[in-house]
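Tertiary structure, described
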Amino acid sequence: MADVGVFIFATDYAIHPAELAQAAEERGFESIFFPEHTHIPASRISQRPSGGDLPQEYWHLHDPFLALSAAAAVTERIKLGTAICLVPEHDPIVLAKLAASLDTLSNGRFILGIGAGWNAEEMGDHGVAFKERWKVTRERVLAMRAIWSEEEAEFHGEYVNFDRLWAYPKPVQPGGPPVILGAQSKWAYDRVVDYCDGWLPIEGRGEIRAELEELRAAADRAGRSMDTIHLSVLSFSPDEAKARDYIEMGFQRLIFALPPADAATVLPILDQYADIARKLS
C-alpha cells in the first residue's frame, strides 16, 4: 500500500490551487505538490533535460509557497509539498522562515521537495554559478535544518555564513519538514543519503528500478538504513499496473501529474486518478 498524491503546474490560468486542494482532499488524496520557477530567461539558452520546446506553464507559475498557503487555508488533512523548490534561488534564512511558517500554519503538513535546477541563466539571475549549484544547495539545506532545530542557530560554510540568530516559528514537525530530493543524476543518490529524508524521481527520466539500486548502494556505503529514506515517484502517465510496479519496488508515495488547465478539464481527470488510488488501497 502506498499513499497517492497529485502534482500540477500551478499557473495563473489553471484551476485555483485552493479549489484543487479541496477537491483532492475530498477524494482522499494524501498530498498535493506544486513546482517552482521564479522566471524563465527569454534567451532560452539552457534546454530542459527532457528536451523539446519549453511549455508556457514554466513561466506562468504562482509562487509555490503562496499557492500552498492558499491550499492550506481551505484544507485540514492533505499534505502540501514543493516538487520542486529551487534552493539556489533562495536566501536560506528566508527559505527556512517560509518553510517553517507554512509547516506551522498547516499544522505540520509541509513537505519540502528540493532540487538545484537545470536552467543556468535562471540561476545566474539569482547570483549563483551553475557549476556551484549543488554545493550551494547542500549548505543551504544544512543551514535551514540548524535554524529549524536550534534556539540559537549559526552556520559557517563556503556559501552560507551567519552568526547566532533567533528565528521563529519553529516547524511543527520535529527537526523541520521532510526534505526530499528531486534529482536523478549519478551524484543524486549520495546527496539523498547525505542530507535528505527522501528521494523523488520522475517517471521517464531514467530506469527507476536500476536507480533505486544505486540509492540502496549509496545508503549501504554511508551506513544509513533505507528505512530512513522515504521514496516518492512522480508519474506523468498514471495507470494501475505501473503504480503497482512502483509499490512493489518499495515506493511509499505515488504522485500523479495533472495538466495545467481549468477546473472543467482537471476535475474529471482527478476523478479518474481517485479511481486508481481506490484500487490500490
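Residues numbered from 1 in each chain as written. Predicted model: local features only at pLDDT ≥ 70, side-chain atom pairs only at ≥ 80, totals over all residues. Heavy atoms only, no water.

1. What about the environment of Ala116?
Along the chain, the position of Ala116 falls in the loop between β4 (110-115) and α4 (120-125). With sequence-adjacent residues up to four places away left out, Ala116 is seen in contact with Leu86, Pro88, Met123, Arg133, Trp134 and Thr137. (Helix = DSSP H or I, 4+ residues; strand = E, 2+ residues; numbered from the N terminus. Contact = heavy atoms within 4.5 Å.)

2. Comments concerning the pairing of strand β3 (residues 79-86)
With 7 of 8 residues buried, β3 lies mostly within the body of the structure. With 4 bridges connecting them, strand β2 (residues 31-34) and β3 associate as parallel partners. From the neighbouring strand, Ser31 faces β3, where its bridge partner is Lys79. After leaving β3, the chain enters helix α3 (residues 92-105) and then returns to the sheet as β4, a path that is right-handed. (Buried < 20%, exposed > 50% of the residue type's maximum accessible area, 1.4 Å probe, protein only. Pairing = 2+ DSSP bridges. Right-handed = clockwise from strand over helix to strand, strands pointing away.)

3. Remarks on the side chain of Glu203
Along the polypeptide, Glu203 turns up in the loop between β8 (198-199) and α7 (208-222). Looking at Glu203, its side chain comes within polar contact range of the side chain of Ser237, at 2.6 Å. Non-local contacts of Glu203, meaning those with residues more than four positions away in its chain, are made with Ile208, Val233, Leu234, Ser235, Phe236, Ser237, Lys242 and Tyr246. (Polar contact = N/O pair within 3.5 Å; in protein donor to acceptor, adjacent residues only side chain to side chain.)

4. Describing helix α9 (residues 263-280)
Here α9 is 18 residues long and its end C-alpha atoms lie 25 Å apart, about the 26 Å a rise of 1.5 Å per residue gives. Among the residues making up α9, those that are buried are Val266, Ile269, Leu270, Tyr273, Ala274, Ile276, Ala277 and Leu280. Buried residues of α9, seen end-on, are gathered within an arc of 160 degrees and therefore sit on one face of the element. Opposite the buried face of α9, by more than 90 degrees, sit the exposed residues Ala264 and Lys279. (Expected span 1.5 Å × (residues − 1). Arc of directions from axis to C-beta.)

5. Focus: the pairing of strand β1 (residues 3-7)
With 4 of its 5 residues buried, β1 lies for the most part within the structure. As defined by bridge partners, β1 adjoins strand β10 (residues 253-257) across 5 bridges and the pair is classed as parallel. When the bridges of β10 are listed, Gly5 appears paired with Ile255. Both β1 and β2 contribute to a ladder of 3 bridges, which runs parallel. Residue Gly5 lies in a different strand from β2, and its bridge partner there is Ser31. The parallel pair β1 and β2 is bridged by helix α1 (residues 17-26), and the resulting crossover is right-handed.

6. Digging into α3
With 14 residues, α3 ought to run about 20 Å at 1.5 Å a step, and its terminal C-alpha atoms sit 20 Å apart, in line with that. Those residues of α3 that fall on the buried side of the exposure criterion are Pro92, Leu95, Ala96, Ala99, Ala100, Leu102 and Asp103. Viewed along the axis of α3, the buried residues span an arc of 165 degrees, placing them on a single side of the element. Between the side-chain oxygen at the start of α3 and the backbone nitrogen of Ile93 there is a gap of 2.8 Å, and the oxygen is on Asp91.

7. A word on the state of the cysteines
In protein chemistry, a disulfide is the covalent bond that joins the sulfur atoms of two cysteines. For the structure shown, the criterion picks out 0 disulfides. Summary of cysteine pairing: Cys85 is not part of a disulfide, and the nearest cysteine sulfur, belonging to Cys196, is at 12 Å. Relative accessible area serves as the criterion here: at 0%, Cys85 is assigned to the buried category. (Disulfide = S-S within 2.5 Å.)

8. Some details on the packing of aromatic side chains
Counted by the stated rule, this structure contains 10 aromatic pairs. Taking the centre distance of 4.9 Å and the plane angle of 50 degrees together, the rings of Phe9 and Tyr58 count as tilted. Taken together, the positions of Phe9 in the loop between β1 and α1 and Tyr58 in the loop between β2 and α2 (64-73) put the pair 49 residues apart, joining distant regions of the chain. Neither Phe9 nor Tyr58 differs from the other in exposure class; each is buried. With a centroid separation of 6.0 Å and 75 degrees between ring planes, the pair formed by Tyr189 and Trp199 is classed as edge-to-face. With Tyr189 in helix α6 (residues 188-195) and Trp199 in strand β8, the pair connects residues that are 10 residues apart, well separated along the chain. Judged by its relative accessible area of 0%, Trp199 falls in the buried class. (Phe/Tyr/Trp six-rings, centres within 6.5 Å; stacked < 30°, edge-to-face > 60°.)

9. Examining the packing of helix α8 (residues 240-249) against α9
Two numbers describe how α8 lies on α9: the axes approach to 10 Å, and their chain directions differ by 45 degrees. Considered as vectors, α8 and α9 are oriented oblique to each other. The handedness of the crossing between α8 and α9 is right-handed. When α8 is examined against α9, the residues Glu240, Ala243, Arg244 and Ile247 are found in contact with a partner set consisting of Ile276, Lys279 and Leu280. Looking at the contact of α8 with α9, its residues break down into 4 nonpolar, no polar and 3 charged. (Axes fitted to C-alpha atoms, helices over the stretch in contact; angles between N-to-C directions. Parallel < 35°, antiparallel > 145°, perpendicular 65-115°, else oblique. Left-handed = near helix turned anticlockwise from the far one by under 90°. Nonpolar A, V, L, I, M, F, W, Y, C, P; charged D, E, K, R; others polar.)

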